[in-house]
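Examination of the molecular architecture
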Amino acid sequence: MLDSIIRNCRIVTAAEILPGLLQIGVKDGKIEVIGHNLEGDASTEIIDAEGAYVTPGGVDSHAHVQQDNSPTGDTWETGSRSAIAGGNTTIIAFATQRREEESIWPALEAYHKKATGNSYCDYGFHLILSNPTEQIYENELPKLVDEGVTSLKLYMTYVPLKLGDSDLFNIMLRARSLGIMTMIHAENSDIIDQITRRLVESGQTDTFYHSVARPHIAESEATYRAISLAEVTDTPILIVHMSAPAAIEHVAQARKRLLPIHAEACPHYLYLTSEKLKSGPHDCEGAKHVCAPPLRHNVDDLDELWRSVANGTFTVISSDHAPATFDHPNGKQRGWVDISGANGFSDDVSHKPARKFDFRNVPNGLPGLETRLPLIFNRCYDPSNPPTRADRPLGLNPLIFGQTSTDPILISLPRFVALTSTNPAQLYGLAGKKGSIAVGFDADLVLWYPKDFEGGLEIRNEMLHHRIDYTPFEGMRVRNWPRKVVLRGEVVFDRDGGGVKGRMGDGVFLKRGKSSLSY
Ligand code: DUC
Ligand code: ZN
Ligand code: ZN
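Residues numbered from 1 in each chain as written. Chains lettered and ligands numbered in written order. Predicted model: local features only at pLDDT ≥ 70, side-chain atom pairs only at ≥ 80, totals over all residues.

Okay, helix α3 (residues 134–146) next. Given a rise of 1.5 Å per residue, 13 residues ought to cover 18 Å, and the 19 Å separating the end C-alpha atoms of α3 matches this to within 8%. Maximum bend of α3: about 45°, positioned at glutamate 140, with proline proline 142 one to four residues after it. The complete set of buried residues in α3 reads Ile136, Glu140, Leu141 and Leu144. Immediately beyond the C-terminal end of α3, within one or two residues, lies glycine 148, with a positive phi of roughly 85°. (Helix = DSSP H or I, 4+ residues; strand = E, 2+ residues; numbered from the N terminus. Expected span 1.5 Å × (residues − 1). Bend = angle between axes of the 7 residues up to and from the residue. Buried ≥ 20, exposed ≤ 12 C-beta atoms within 10 Å, placed from the backbone.)

Structure (structure tokens):
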């Protein structure tokens, strides 16, 4: 007998919106049947979707949770709670190998320990590799795959983590032979260092200059180099958190040649510009938006990214949830440096400021787990009213002139599902279990509201479930929000019925297989 039946669903998969109102029957946490007039008994729980769209549970494949380098970020408890409240039933977080460690196991053990029993949603790990040794290549990486960690993240910048081209080359070769998916943070470290040094020399260290120090070309050059290394080693890679149109163009060209190059978009790069990095004379508000790569300067850049979402250049949209608390000396305020003399006191009668802000000290990253799905759903067109080109004057066809932010680029609901759930599941070895609504899959579902909110819903930090004291999307309006979230058949979030219903420890570690998404 079925444990639960979810009725009146407009089911959306990456392929299509299934016709009519359907029922989903769940048994032992899995989808047992999809159809009409399903039978239950007295013990079967009935959930009514009331004709709303039902999408697969979100798979956020890029979230930094309780990392050692982020003392004011989210813990597993708060990060995963925020994840489910935003419709994510799976997140893939990171375990970081420290440079001084000769083995990957201390990192894996430590990060497992942090997550075990503390997650509201299912989870996996990518390993950040910062010290690749022969022993790791030969003995540890094969075992890592057996342990269900089938992806690596490599950095081309950040002193404690960055790897040179030889290491990238060798790791890619090994990853290829083991079927490991390799994620790359692509920014040219030397360009950033050289510009930063000159900015500092001229006293330009306010929040905004973080974005000046990391120009488009630093991202596009490193992206091209990473793609070149992937091509010469014939290895699939994903370039994470892409923000520069010139960089995404390199991906588009590579994909045109059927190279297995994937790209990841994030909501903050799609919605926000570097205007947000500006602070007042006595505050550091802009630090709330410091991330790397930086938010870009021009709204046209954002349109270009949306075009790449719509035309299939991006494979996934992740949050890159990497928050730091704003109002905390070890959080975003860490940028303040004392320039008044010893002990932070100033006897200086010339009223020179006692402190200045230095963007080099700010932890990079933004919160975003809970807002990812609503922000992307927001750009889906209503299937009952699809955009039509028929009534546009021929010469203004957006395919010829491109759309503008006043005429936003919209995507289909199936593409939304592909980018936020199905593709990340397939890319990172969760195919057949996560990322779709089909018989045999985990019953991970998001029930949206049957009608969009009239006038939209305003995002406010106080309604979110992370432990961070701000959201970069404060005041933005979205059309809809996850109403109910189901994890392996259990309602873990009910927005109208008390909020979070799940418990810490509901989430389990997912041993992932090999990637099944080629290009
Ligand atoms: N950049 C990263 O590389 N990681 C975390 C967040 C960020 O902004
Ligand atoms: Zn990164
Ligand atoms: Zn990241």
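The discussion continues.
Right, let's get into the sheet that holds strand β11 (residues 237–239). Within a beta sheet, neighbouring strands are joined by backbone hydrogen bonds and run either parallel or antiparallel to one another. One open sheet accounts for eight strands, arranged β6-β7-β8-β9-β10-β11-β12-β13; its pairing is parallel. Edge strands, defined here as strands with exactly one partner in the open sheet, are β6 (58–60) and β13 (316–317). One ladder, built from five bridges, connects strand β9 (residues 151–155) with strand β10 (residues 181–185); its direction is parallel. Paired with leucine 152 across the strands is threonine 182, a residue of β10. Docked against the sheet, helix α7 (residues 216–233) engages β10, β11 and β12 (261–265), running at close to 175° with respect to β11. (Pairing = 2+ DSSP bridges. Contact = placed C-beta atoms within 7 Å. Axes fitted to C-alpha atoms, helices over the stretch in contact; angles between N-to-C directions.)

Attention now goes to the packing of α7 against helix α8 (residues 245–256). Between α7 and α8, the shortest axis-to-axis distance is 7 Å and the interhelical angle comes to 20°. By the angle between their directions, the pair α7 and α8 is classed as roughly parallel. In this structure, α7 crosses over α8, and the sense of that crossing is right-handed. Contacts between α7 and α8 involve His216, Glu219, Ser220, Thr223, Tyr224 and Ile227 on the former and, on the latter, Ala246, Ala247, His250, Val251 and Ala254. Of the residues assigned to the contact of α7 with α8, the class counts are six nonpolar, four polar and one charged. (Parallel < 35°, antiparallel > 145°, perpendicular 65-115°, else oblique. Left-handed = near helix turned anticlockwise from the far one by under 90°. Nonpolar A, V, L, I, M, F, W, Y, C, P; charged D, E, K, R; others polar.)

As recorded in UniProt, the feature "domain: Amidohydrolase-related" (unreviewed entry) lies at residues 53–324 and 412–492. Here residues 53–324 is 41% helix and 16% strand, with 34 Å between the C-alpha atoms at its ends. Along residues 412–492, the helical share is 19% and the strand share 21%, with 27 Å between the first and last C-alpha atoms. (UniProt positions renumbered as here; feature names shortened; annotations may be inferred.)

As a further point, take the environment of serine 220. Positionally, serine 220 belongs in helix α7. For serine 220, a count of 21 C-beta atoms within 10 Å translates into the label buried. Put simply, serine 220 and serine 421 are 201 residues apart on the chain and 27 Å apart in space, counted from C-alpha to C-alpha. In this view, serine 220 contacts Ala244, Ala246, Ala247 and His250; residues no more than four positions away in its chain are not counted.

A separate point is the site of ligand 1. Every residue lining ligand 1 is accounted for by His64, His185, Cys291, Ala292, Asp320, Ala322, Asn364 and Gly365. Per-class residue counts for the shell around ligand 1 are three nonpolar, four polar and one charged. (Near = placed C-beta within 6 Å.)

By domain assignment, the chain separates into domain 1 (4–54 + 441–500) and domain 2 (55–427). Placing the centre of domain 1 and that of domain 2 at their C-alpha centroids yields a distance of 27 Å. Facing 33 residues of domain 1, the contacting portion of domain 2 comprises 40 residues. Looking at the side of domain 1 that touches domain 2, the elements with two or more residues in it are β5 (53–56), β16 (445–448), β19 (482–487), β20 (490–494) and β21 (499–500). In terms of residue count, the dominant contributor to the side of domain 1 that touches domain 2 is β19 (three residues). Here the side of domain 1 that touches domain 2 is built from residues that sort into 22 nonpolar, six polar and five charged. (Domains from an automatic or database assignment.)

Next up on the list: the pairing of β19. In terms of burial, β19 is a largely internal element, five of the six residues being buried. The pairing of β16 with β19 spans four bridges and is classified as antiparallel. From the neighbouring strand, tryptophan 448 faces β19, where its bridge partner is proline 482. What sits between β19 and β20 in their antiparallel hairpin is a turn of two residues, with arginine 488 showing a positive phi close to 45°.

Residues annotated in UniProt with the feature "modified residue: N6-carboxylysine" (unreviewed entry) correspond here to Lys153. In this fold, lysine 153 is placed in strand β9. Discounting chain neighbours no more than four positions away, the residues touching lysine 153 are Phe94, His126, Ile128, Met183 and His185.

Bringing the nonpolar core into the picture now. With 135 residues, the main nonpolar core has Val54, Ile84, Leu127, Ile184, Ala226, Ile239 and Ala265 as its most contacted residues. Considering every element that reaches this core, the biggest residue donor is helix α13 (residues 413–427), with seven residues. There are two domains that each give this core at least three residues, and those are domain 1 (4–54 + 441–500) and domain 2 (55–427). Apart from residues no more than four positions distant in its own chain, leucine 127 is found in contact with Ala95, Gln97, Ile104, Leu144, Val149 and Leu152. (Core = buried A, V, L, I, M, F, W, Y, C linked by C-beta atoms within 7 Å.)

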